[in-house]
Amino acid sequence: MHLSFGYDKTTLHYNIPDENLIGILTPNEIPAGQGGEAEVERALQNPIGSPRLRDIVCPGEKIAIVTSDITRPMPTYAVLPHVARELALAGVQDADVTIVFALGIHREMTPAEMQKAVGEEMYRRFTCLNASREYTHLGVSQNGTPIDIFTPVAEADRIICLGNIEYHYFAGYSGGAKAIMPGVSTHDAIQANHKRMVDERAHAGNLATNPVRLDIDAVGAFVHIDFIVNVVLDEHKKIRHCVAGHYIEAHRAGCRLLDQMYQVGIPQKADIVITSPGGFPKDINLYQAQKALDNAKHAVRDGGVIVWLAAAGEGLGEATFEKWMLGHEKSQDMIDHINREFELGGHKAAAIAMVLEKCRVLFVSSLPADFVRRIHLEPFATLEDAMAEAFRAMGKNAQVIAMPYGGSTLPVLSNDK
């Protein structure tokens, strides 16, 4: 069987004997929507739990459109023109619209990156801002999370959130109100929310009892999210489905569509799992690529091997995460540390450490081998070299699961599905 995995802007290949392969986890075949921009238009014309956007906004109102930053695969350039058309039909002037990039704790985007994200025409028409340190305090959630929102968003008359829905390893799913929390929230607010990741209910695919997601959605009691447009992408990062409307009802409908596409049953856990986030931009740095590793842990048996493919051309991707990855003598120390003291950025390091307690991780990347060893991973220059070591360790009859879209494919044992 020939296997292919996205890696940066290229593709890695590997041939495996059929008898060693349990399966290749790819999206389920379900009836497609119209796809592409036609699907966005369909969703805007048929909002869920909400009037049409053109019937919500009014001329003269200040509109904040919050969308994803460069680390996300959200095709804002394909969605925003349709949103802009709805606003224009309502009589909203371009000067009253601000596009805000939801950075969370990520770096600011450059003007060139902003233009690429929204498209040349939208960039020319609308003011574009990075969510920065100018925040307004709106209160405290029931769980004690401060609601501190980027001021141009907090003071807007109308807030529209754009995003894509995929699995998130402790928030359950991306999308919906996540554009606000953590997207345009302060570091302290994000940290207060994310510290709930240690709760066993905080895992990919869980919404109803997930304390992180419930805290995210609670932001709607403090800042009015008037409308969302969320897309579900296929494995090629093209729009497969789109939902629009109420920030809870439309989001949940999108999550159900995601489950139909990407929740994949497996008959057994594997000795070896090969996982890739799917290439650029999902493997732009280790911080982003970690999602594929976390999903892979659900497919590998205890004591097995994960071969993790991520170019990580921008390195680790976040300063605190880097400090944690480099600042502990062994991986177990990161788990002990996060239990003593939660620190945003350190949470992803601890999540990687928890995988390392379960299995070996052989890491194929563009990072120097000595550096990879310092972050507690086993470095390999090629997929072939990593697989040779995996088979040496697990035996020539080792059973393998391939996850070419590891960040968005969630393995579930068939008897649990």
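Above this text is the structure in question.
Every chain is numbered on its own, with residues counted from 1 as its sequence reads. Two thresholds apply to this predicted model, a pLDDT of at least 70 for residue-level local features and 80 or more for giving and counting side-chain atom pairs, whereas whole-chain, interface and lining totals are computed over all residues. Heavy atoms from the whole structure form the basis of all side-chain values; hydrogens and water molecules are not counted.

## Some remarks on the overall build of the chain
A helix here means a DSSP run of H or I that spans at least four residues, while a strand means a run of E at least two residues long, and both kinds are numbered starting from the N terminus. Each helix and strand in the chain was counted, giving 14 helices and 20 strands. Its C-alpha atoms give the chain principal-axis dimensions of roughly 70 × 45 × 40 Å. Whether two residues are in contact is decided by their heavy atoms: any pair within 4.5 Å suffices. In the chain, the proportion of contacts linking residues at least 24 apart, taken out of those at least 6 apart, comes to 74%. Areas reported as accessible are Shrake-Rupley estimates using a 1.4 Å probe. Residue values count occlusion only from the protein chains shown. For the chain, the accessible surface area stands at approximately 16300 Å², while carbon and sulfur atoms represent 48% of it. Positive: Lys, Arg. Negative: Asp, Glu. His and the chain ends are not part of the count. Charged side chains are reduced to one point each, which is NZ for Lys, CZ for Arg, CG for Asp and CD for Glu. Charge separation in the chain, taken as the distance between the mean sites of 39 positive and 51 negative side-chain charges, equals 2 Å.

## Some points on the layout of surface pockets
One number sums up the size of the largest pocket: a volume of about 500 Å³. Residues are said to line a cavity or pocket when one of their atoms sits within 4 Å of a point; the points come from a 1 Å grid over protein atoms alone, cavities being sets where a 1.4 Å probe fits but cannot get out and pockets being open sets with protein on both sides within 12 Å along at least five of seven lines. Forming the walls of the largest pocket are 21 residues, and the residues nearest its centre are Arg72, Tyr77, Lys116, Phe280 and Pro281. Breaking the lining of the largest pocket down by element, the ones donating at least two residues are helix 2 (76-89) and helix 3 (111-118). Broken down by element, the lining of the largest pocket gets its largest block of residues, three residues, from helix 3. In this classification, Asp, Glu, Lys and Arg are treated as charged, Ala, Val, Leu, Ile, Met, Phe, Trp, Tyr, Cys and Pro as nonpolar, and every other residue, Gly included, as polar. Its residues placed into classes, the lining of the largest pocket shows 10 nonpolar, three polar and eight charged. Grid points are joined across faces, edges and corners, and a volume is the space filled by probe spheres set on the points.

## Description of the state of the cysteines
Cysteine sulfur atoms are paired as a disulfide whenever they come within 2.5 Å of each other. Inspection of the entire model under this criterion finds zero disulfides. Cys255 takes part in no disulfide bond, and the closest cysteine sulfur to it belongs to Cys242, at a distance of 13 Å.

## So, the pairing of strand 16 (residues 300-309)
With respect to burial, strand 16 is a largely interior element, seven of its 10 residues being buried. DSSP-based pairing: two strands are paired if at least 2 bridges between them are found. Of the strand pairs in this sheet, strand 15 (residues 270-275) and strand 16 are connected by five bridges, and their pairing is parallel. Its bridge partner being in strand 16, Ala270 is matched across the sheet by Val300. Seen with the strands pointing away from the viewer, any crossover whose path from the first strand over the helix to the second strand runs clockwise is right-handed. One crossover worth recording links strand 15 to the parallel strand 16 by way of helix 9 (residues 286-296), and it is right-handed. Where strand 16 lies against strand 17 (residues 360-364), five bridges are found, and the strand directions are parallel. The residue bridging Val305 from the neighbouring strand is Arg360, located in strand 17. In this scheme, a residue with accessible area under 20% of its type's maximum is buried, one over 50% is exposed, and one in between is partly exposed, where area comes from a 1.4 Å probe on protein chains only.

## Focus: the pattern of salt bridges
What counts as a salt bridge is simple: a side-chain nitrogen of Lys or Arg found within 4 Å of a carboxyl oxygen of Asp or Glu. Here the structure, examined in full by the defined rule, presents 26 salt bridges. Taking the shortest distance from any N to any O, the salt bridge between Asp217 and Arg252 comes out at 2.6 Å. Highlighted residues: Asp217 in helix 7 (residues 211-217) and Arg252 in helix 8 (residues 249-262), separated in sequence by 35 residues. Overall, Asp217 belongs to the buried group, its relative accessible area being 9%. Across the pair Asp370 and Arg373 runs a salt bridge, and its minimum N-O distance is 2.9 Å. Note that Asp370 and Arg373 are positioned in helix 13 (residues 369-374) at a spacing of three residues, about one turn of the helix.

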